[in-house]
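Listed here are the chains, written in short residue letters.
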Amino acid sequence: MRLFFASASPFVRKVMIVLEETGQMDDVKLEKVQTTPLSPDLGLSSANPMAKIPALERPNGATLYDSRVICEFLNARADATLYARGWESKILEATGDGIADAAVLMSYEKRLRPEGLVWDDWLKSQLAKIHGACSALNTRWMSHLQGPLDIGQIAVACALDYVDFRHPDANWRQGNDDLANWLAEFAQRESMISSSPS
């Protein structure tokens, strides 16, 4: 299999962690690409018509894209248990992906918008989504986050670490001490360390 990736992407990182945690890293060749909505990578575009990463090219079958699709495929391929807690795991994964979506949109706004045209209200609205999601995680989801490893934990950790990486002034930890402490511990997993963005 071939994985189109960029190490800074929180969605790629989810896939990388699933590969490592399920013992499938050696089954995948990594194909590094540089792609943005304004300048998509041509090789990636032929594998994924949306020209987004990650995309997993398989020797038999259609290329898989969207991190949720890829992660669920890899989990099933390894007969792993990352989705064993059912809908709760998927809700947490959607929450983590939502945080990552908002943070990536903020990154694009800052990096791709012409100077002087950056939309501050847009940035504030995306940051508000991140803060709202973190508050919900800290209030309602800590028992799940502290349970056995699953896809929800991986998604949330990748998203929060991406926020720290690209938006260190986001201040999501304020009022979310339990969530901050959980991430500090989860970040010590070998799969988190080896997939740290650069």
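Since the model is a prediction, treat every value here as computed from it, not as a measurement.

**Q** How do you make sense of the side chain of T63 when you look at a structure like this?
**A** Following the sequence through the fold, T63 ends up in the loop between strand 3 (55-57) and strand 4 (64-65). If we ignore the near neighbours within four places in the chain, the residues touching T63 are A47, A55, L56 and E57.

**Q** Just to check I follow, could you spell out the packing of aromatic side chains for this structure?
**A** What describes a pair of aromatic rings is the distance from one ring centre to the other and the angle between the planes of the rings. As enumerated under the stated definition, the model contains two aromatic pairs in all. Taking 6.0 Å as the distance between ring centres and 20° as the angle between the ring planes, the aromatic pair formed by W119 and W122 counts as stacked. For W122, a relative accessible area of 29% translates into the label partly exposed. The ring centre of F73 lies 5.1 Å from the NZ or CZ of R58, which sits over that ring. Above the face of the W87 ring, K90 is positioned so that its terminal group lies 5.4 Å from the ring centre.

**Q** I keep staring at the domain arrangement of the protein chain and nothing clicks. Help me out?
**A** Frequently, the measure chosen for interface size is the accessible area removed from exposure when the parts meet. Splitting the protein chain by domain gives domain 1 (2-78) and domain 2 (85-189). One C-alpha centre belongs to domain 1, the other to domain 2, and the line joining them spans 21 Å. Listed as interface residues are 15 residues of domain 1 and, on the opposing side, 19 residues of domain 2. For the pair domain 1 and domain 2, the summed buried area comes to about 1500 Å², and 67% of that belongs to carbon and sulfur atoms. Where domain 1 touches domain 2, the interface holds six salt bridges. Our enumeration of links across domain 1 and domain 2 arrives at six residue pairs in polar contact (both at pLDDT 80 or more). Ranked by residues supplied to the side of domain 1 that touches domain 2, first place goes to helix 1 (residues 10-21) with seven residues. Partitioning the side of domain 1 that touches domain 2 into residue classes produces eight nonpolar, two polar and five charged.

What counts as what
Residues numbered from 1 in each chain as written. Predicted model: local features only at pLDDT ≥ 70, side-chain atom pairs only at ≥ 80, totals over all residues. Heavy atoms only, no water. Helix = DSSP H or I, 4+ residues; strand = E, 2+ residues; numbered from the N terminus. Contact = heavy atoms within 4.5 Å. Phe/Tyr/Trp six-rings, centres within 6.5 Å; stacked < 30°, edge-to-face > 60°. Buried < 20%, exposed > 50% of the residue type's maximum accessible area, 1.4 Å probe, protein only. Lys NZ or Arg CZ within 6 Å of the ring centre and 35° of its normal. Domains from an automatic or database assignment. Buried area = accessible area lost by both parts, 1.4 Å probe. Salt bridge = Lys/Arg side-chain N within 4 Å of Asp/Glu carboxyl O. Polar contact = N/O pair within 3.5 Å; in protein donor to acceptor, adjacent residues only side chain to side chain. Nonpolar A, V, L, I, M, F, W, Y, C, P; charged D, E, K, R; others polar.

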